[in-house]
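Reading the structure
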Amino acid sequence: LTEEEFDIQHHKQITSRRNFGKVNFGQWQMKTWYFSPYPLSESEPDAPPPDSETRIPGVSRATVRSHGRTSDLLAGGLGRDHAEKSILWVCDRCFKYMAEGTVWEAHMARNLCTRKNPPGKKVYQRGAHTIWEVDGAKEKLYCQNLSLFGKLFIDVKTLFFDCDSFLFYLLTDADSQRDHVLGFFSKEKVSYDDYNLACIIVLPPYQRKGYGMLMIEFSYELSRRAGRVGTPERPLSDLGLRSYLTYWISTILRYFRHLLSVMPLDLSSVTTLNAVPDFNLLSTSSSDIESHTIARKRRKTKGWDGEAHALSVPPPPPLDASHALQRTLETRANSDGSATTHAVVKCSLAEIARATNLRVEDAAFAMSECGLLYCR
């Protein structure tokens, strides 16, 4: 084996096992999912001298302390034989990590951490939920500790200490005392591939509550305001792919519901009193019917004849110009004397992706997964 291949195999051997069984985070004790390269404390003993077969090439002194001071992925992975029983203590305010519970208790009891919210600026707030933007270049230690903590629950993540080129967005829930972190995601400040998200995690106690969808939609809103079509960074983890697929499908279906509706979405029915049908319209096309209806709307400023609902009902959002020209309404008579109106739209996949602010490949993948896309 070459030196590079040996390093890769040794890295896989170390990172395949969790180096901490549980993590105490505030009032929660959570079981870790993956390996995280936490530097070991100075109080822990050094690892035994490695033999020639397990020694890492390029490292002269493979001890716990020496690797604790490095920024590679092997830090914190040596000398832990009882990883399943080991517990990590993390402050839920500043994300400072401790290997002993007494140190954590002293840190909390003496009010050594007075932080009440993440060290950034508010970029979104609705009720008690707030999203904070933290610059990795300005708050290096905070972002490094945040990245190390997130790696306990993120499989595909390789950056922990070089956070200068990243922005971190933390979702918090406020109470009368302070803001509690629910989850976060990171993104590059300058991405030549238009990636709007690098890593995302919702802490296990707060999962399955829609917080992941909120952060994903917020990342796409950042791309939309920047005038770009964003996409998450590849490769996607299993949980990340599931979350993004849910967001892509819901976005496309929401757009289809608006595009194919023949009435405003907030209006279930329209009742017309003493209305006599105009039989001259039966021989015209559906486009003529729609244009005639629009002309009548313009002439009548107080609503249709005998309409029960006033025109104070807000109109639906305007359709895209390319779709409006190809949107037709087909009304077909039923056997009981009623009629059914169908909306037919002819558009391309690129137009759907542009209208939903998604990439074409993401929109195609989502439509294919939910059975809306077929190859001719």
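Right above here is the structure, for reference.
A brief look at the structure comes next. (Residues numbered from 1 in each chain as written. Predicted model: local features only at pLDDT ≥ 70, side-chain atom pairs only at ≥ 80, totals over all residues. Heavy atoms only, no water.)

1. Here's the deal with the packing of helix α6 (residues 238–259) against helix α9 (residues 349–356)
Two numbers describe how α6 lies on α9: the axes approach to 10 Å, and their chain directions differ by 100°. When the interaxial angle is binned, α6 and α9 end up roughly perpendicular. Contact with α6, carried on its side by Thr-251, Ile-252, Tyr-255 and Phe-256, involves Ile-352, Ala-355 and Thr-356 of α9 and no other residues of that element. Class assignment of the residues belonging to the contact of α6 with α9 gives a composition of 5 nonpolar, 2 polar and no charged. (Axes fitted to C-alpha atoms, helices over the stretch in contact; angles between N-to-C directions. Helix = DSSP H or I, 4+ residues; strand = E, 2+ residues; numbered from the N terminus. Parallel < 35°, antiparallel > 145°, perpendicular 65-115°, else oblique. Contact = heavy atoms within 4.5 Å. Nonpolar A, V, L, I, M, F, W, Y, C, P; charged D, E, K, R; others polar.)

2. Describing the sheet that holds strand β2 (residues 28–31)
Pairing is mixed across the open sheet formed by 4 strands, whose spatial order is β2-β1-β3-β4. In the strand order of this sheet, the two ends are held by β2 and β4 (97–98), each with one partner. Both strand β1 (residues 22–25) and β2 contribute to a ladder of 4 bridges, which runs antiparallel. Opposite Lys-22, over in β2, you have Lys-31 as the bridge partner. (Pairing = 2+ DSSP bridges.)

3. Digging into empty space enclosed by the protein
Summed over all chains, the structure comprises 1 cavity of 30 Å³ or more. As a volume, the largest cavity reaches approximately 30 Å³. Around the largest cavity, the lining residues are Asp-92, Arg-93, Arg-115, Lys-116, Asn-117, Pro-118, Tyr-142, Asp-179 and Val-181. The residue makeup of the lining of the largest cavity, split by class, is 3 nonpolar, 1 polar and 5 charged. (1 Å grid on protein atoms, 1.4 Å probe; cavity = no way out; pocket = protein on both sides within 12 Å on 5 of 7 lines; lining within 4 Å. Points joined across faces, edges and corners; volume = space filled by probe spheres on them.)

4. Brief notes about the layout of surface pockets
A volume near 1,000 Å³ is recorded for the second largest pocket. In this structure, the second largest pocket is lined by 42 residues; those nearest its centre are Ile-200, Ser-237, Leu-239, Gly-240 and Ser-243. Contributions of two or more residues to the lining of the second largest pocket are made by β7 (166–174), β8 (179–188), β10 (199–202), α5 (211–225) and α6. The element best represented in the lining of the second largest pocket is α6, accounting for 7 residues.

5. With respect to the sheet that holds β7
With antiparallel pairing, the 5 strands of this open sheet are ordered in space as β5-β6-β7-β8-β10. The open sheet has two edge strands, β5 (121–126) and β10, and neither has a second partner. Across the sheet, the axes of successive neighbouring strands diverge by a mean angle of 20°, strand direction being ignored. Here β7 runs beside β8; their pairing, made up of 9 bridges, is antiparallel. Bridge pairing in β8 links Ala-174 to Asp-179.

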